[in-house]
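An overview of the molecular structure
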Amino acid sequence: MSDVVDREDSARLRLRQALHRAPLFADLDTESMMAIERELTPLVLPGGAALFHQGEPADAVYVVASGCLGVFRHDDKASPEGPELIAEITPGNIVGEMSLLSRGVRTRDVAALRDSEVWRLGRDSFEGLTTHHPEVLPALMRNVAARTATPTTVRRRQPRTFAVLPTGPDVASARFAVLLAAALGRIGNQVQMLGSDSANEEPEWFAHCELANSFVLYRADATLTPWTQLCLRQADCVIVVRNGDNDLPTRLPFEVEEARPGAIFQRRRELVLLHDGHDPRPGSTAGLLAEGLYGQHHHVRLDMQADFDRLARLVTGHAVGIVMAGGGARAFTHVGVIKALRASGVPIDQAAGTSMGAIVAAGVASRWTDEELSTRFHRAFVEANPLSDYTLPVVSLFRGRRVTRLLRLAFGEKDIEDLIMPYFCMTANLTTSNADVHRTGRLWHWLRASVAIPGVLPPFNEGGQVHVDGGVINNFPVRIMQRLGRGITIGVDIDTGGAMSAGESVEDTWSAREFVSRLVWRRQETLPIPSIVRILLRSALVASNARALKDRSYCDLLIVPPMQSYDLLDWTSFHAAIEIGYRATMEALEKARSLPVGARLFVA
């Protein structure tokens, strides 16, 4: 009995503290405050539960005593992926008063972001309050005006609380949690890790932990215990941890936070695949991804601090992603960019690209060293020209077999999902007329498709759909990287203009006879017209050039190495391109050091 009384007294104390902070009640005298207190009824909302839905009648105003509520928008301006969080209601604040004043219906969804305690003041009591205490109206209207004046722009809320959920007792979750906490500590000042010994604490105790720390890590049990359920309710992000080196069934033995009927939002879910000191085996990852249940998956080697640092940055929105544009031989300037970023201590946590940029980005996502990037690409493109297997031009000028062989030799039979680093590449889908984003599937397949310049290389066919070079539609996919919401986006664009012209005396199209005569009798002279390969390559990129110029504004840091004087097919400019990329990046980083993005880059 005493425990019940203590809990009631504790709840009343939290209510009084909230009332004194709430703008609606702050100016009331003690007697009036006690009268209002008697009108309030408590509601305990588990994390994830809805307080009210858009379109429902506005019949009450609510005071938040502990926990945190989220205001969600899911109208035509919201993301197609679901409701977007547009505001947070913390203890001492009220919610629902605007709809109540207008005598209308709820205009937004409100749900508990974690276990929360709210107190309800019904319409009659609210109207009685404003009638008998008109002095509360100025404070109330100031509160409404402040909310109305604040733009409700959609924003992505970065997680601060994490539930580490092992899929079984054989998972090294304790060691993982300690190492992740250390990595989080290198981002934020304070990290608190909580275990099942905290299961009986009150909601305000957990709220205090969140206020006092940059991040809170909840270590859940491997089964659905009351403590695990509490962890799932409190966490912004659920990190499911499983062994990545054994053949477990596709479906998890323990399903995570089943979708709730009528739920306003679902928590972010991330999958971590633990490896004991080695990379995942080719083709071993796809079956472990539970058919899209997770927002991202992460390969983590238990003996690699760099893997934990990358994971910490990705799950907290402090990651650095790099996007590389296509541009033929000019794209080897990306190698110089990577060398400069690494030399400057800038981490690279995820990579993406189109066409030749996709190939270099795949090398980065494969964790090739600077020497490997230079050696492998020089061997594949300079020592062995990939565009040399001419064929009868019914579908394309080249067979494409040489390109395919070089890509398979470089990347083997691994899937995109097997890459240690998150990665995607682009193709132009001629069947659907869309730019397709590839985050899964055999890596060399989609790299081959991403460089299939129309007319130069045969298109790539998959499932009856025809894919060609992604540069046809989206040569610089920085917006896609930015929408992931994982942190900073570095964009490396390739200017595809310049270095292409015809002789001034050339006015009409040459006949085949004239062209062959020129090749036979004056071979030492440069032909005054561009070749068909150069024409096709430039034509493929022209269409997306205007979009790429607009997309540059979406980069947190933009690097455009000056490569205009080099031909798009001049593979011999390999070393010069790398040097130009290196210098351009160092100059860009030097300028960025004095800007906010510089602080984020060099601290990440």
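Residues numbered from 1 in each chain as written. Predicted model: local features only at pLDDT ≥ 70, side-chain atom pairs only at ≥ 80, totals over all residues. Heavy atoms only, no water.

In the annotation of an unreviewed UniProt entry, the protein is listed under the name NTE family protein and assigned to Enhydrobacter aerosaccus. Looking at the protein in UniProt, the text filed under Sequence similarities (unreviewed entry) is "Belongs to the NTE family." Turning to the protein, the UniProt annotation filed under Subcellular location (unreviewed entry) states: "Membrane". (UniProt positions renumbered as here; feature names shortened; annotations may be inferred.)

Turning our eyes to something else, we now look at the environment of Ser344. The residue Ser344 is located in the loop between α10 (333-343) and β16 (350-354) in this model. When its relative accessible area of 18% is taken as the criterion, Ser344 is described as buried. Sequence spacing of Ser344 and Glu590 is 246 residues, and the spatial spacing of their C-alpha atoms is 10.0 Å. (Helix = DSSP H or I, 4+ residues; strand = E, 2+ residues; numbered from the N terminus. Buried < 20%, exposed > 50% of the residue type's maximum accessible area, 1.4 Å probe, protein only.)

Those residues carrying the UniProt feature "active site" (unreviewed entry) are Ser355 and Asp469 in this numbering. Look at the named residues: they lie 115 residues apart in sequence, but the longest C-alpha span between them is just 5.9 Å, so in the fold they bunch up. The topology assignment puts Ser355 in the loop between β16 and α11 (356-365). Among the residues examined, Ser355 registers a relative accessible area of 6% and is labelled buried.

Right, let's talk about the sheet that holds strand β8 (residues 116-122) for a bit. In space, the four strands of this open sheet follow the order β1-β8-β3-β6, with antiparallel pairing throughout. Of all strands in the sheet, those with a lone pairing partner are β1 (41-45) and β6 (94-95), marking the two edges. Two strands pair when backbone bridges link them, and strand β3 (residues 60-66) and β8 are joined in this way by six bridges, in the antiparallel orientation. Looking at the pairing, Val63 lines up with Trp119 of β8. (Pairing = 2+ DSSP bridges.)

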